[in-house]
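Chains, contacts and geometry: an overview
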Amino acid sequence: MTKGAKQIRLNLLLDHLQKGRWRKLPNQVGLKTALIAEDLGLVESKGTDLRARLYRLTAAGKTYLSA
């Protein structure tokens, strides 16, 4: 996978979570992208099962999107 494809998936995830509520991952985004976004502090998650986790944007994620 190219660096550009990773960036596109990250942007898809962040855009999907813009509404501010807890949501599942969109179909185009994999768990690896969600974990990377969480490590970067752009999203937060809740739930113990990796596949059933819910995500929402953090303040850092909102800043990232507006830049």
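These notes cover the structure that comes with them. Please read all numbers here as calculations on a predicted model, not as lab measurements. (Residues numbered from 1 in each chain as written. Predicted model: local features only at pLDDT ≥ 70, side-chain atom pairs only at ≥ 80, totals over all residues. Heavy atoms only, no water.)

Considerations on the overall build of the chain
Scanning the chain for helices and strands turns up 3 helices and 2 strands. Element order for the chain, N to C, with α for helix and β for strand: α-α-β-β-α. Taking 67 residues into account, the globule formula puts the C-alpha radius of gyration at 11 Å, and the chain, at 11 Å, falls close to it. Along the first, second and third principal axes, the C-alpha set of the chain runs to 30 × 25 × 20 Å. By residue count, 25% of the 67 residues in the chain fall in the buried class. Of the roughly 4600 Å² of accessible surface on the chain, 52% is carried by carbon and sulfur atoms. (Helix = DSSP H or I, 4+ residues; strand = E, 2+ residues; numbered from the N terminus. Rg over C-alpha atoms; globule rule 2.2 N^0.38 Å. Buried < 20%, exposed > 50% of the residue type's maximum accessible area, 1.4 Å probe, protein only. Areas by Shrake-Rupley, 256 points an atom, 1.4 Å probe, with all protein chains shown as cover.)

Things to note about the nonpolar core
Within the largest apolar cluster, 11 residues are counted, these being Leu10, Leu13, Leu14, Leu17, Val29, Ala34, Ala37, Leu42, Val43, Tyr55 and Leu57. Those elements that provide at least two residues to this core are helix 1 (3-16), helix 2 (31-39) and strand 2 (54-57). The element contributing the most residues to this core is helix 1, with 3 residues. With near-sequence residues (within four places) excluded, leucine 14 lies in contact with Leu42, Val43, Leu57, Tyr64 and Leu65. (Core = buried A, V, L, I, M, F, W, Y, C linked by side-chain atoms within 4.5 Å. Contact = heavy atoms within 4.5 Å.)

Considering the packing of helix 1 against helix 2
Two elements in contact, helix 1 and helix 2, have axes separated by 10 Å at closest approach and are oriented at 75°. In terms of their interaxial angle, helix 1 and helix 2 are classed as roughly perpendicular. Where helix 1 abuts helix 2, its residues Arg9, Leu10 and Leu13 lie against Thr33, Ala34 and Ala37. Looking at the contact of helix 1 with helix 2 residue by residue, the classes come out as 4 nonpolar, 1 polar and 1 charged. (Axes fitted to C-alpha atoms, helices over the stretch in contact; angles between N-to-C directions. Parallel < 35°, antiparallel > 145°, perpendicular 65-115°, else oblique. Nonpolar A, V, L, I, M, F, W, Y, C, P; charged D, E, K, R; others polar.)

Points about helix 2
Within helix 2 the residues assigned to the buried category are Thr33, Ala34 and Ala37. With its buried residues spanning 100° around the axis, helix 2 presents them on a single face. Of the exposed residues in helix 2, those oriented more than 90 degrees away from the buried face are Lys32 and Asp39. Backbone geometry just downstream of helix 2 places glycine 41 in the positive-phi region, at approximately 80°. (Arc of directions from axis to C-beta.)

Quick word on the environment of alanine 34
Mapping alanine 34 onto the fold places it in helix 2. Residue classification places alanine 34 among the buried positions, given a relative accessible area of 0%. Measuring from C-alpha to C-alpha, the distance between alanine 34 and leucine 13 comes to 7.5 Å, with 21 residues separating the pair along the chain. The residues touching alanine 34, leaving out its near neighbours within four places in the chain, are Leu13, Leu25, Val43 and Tyr55.

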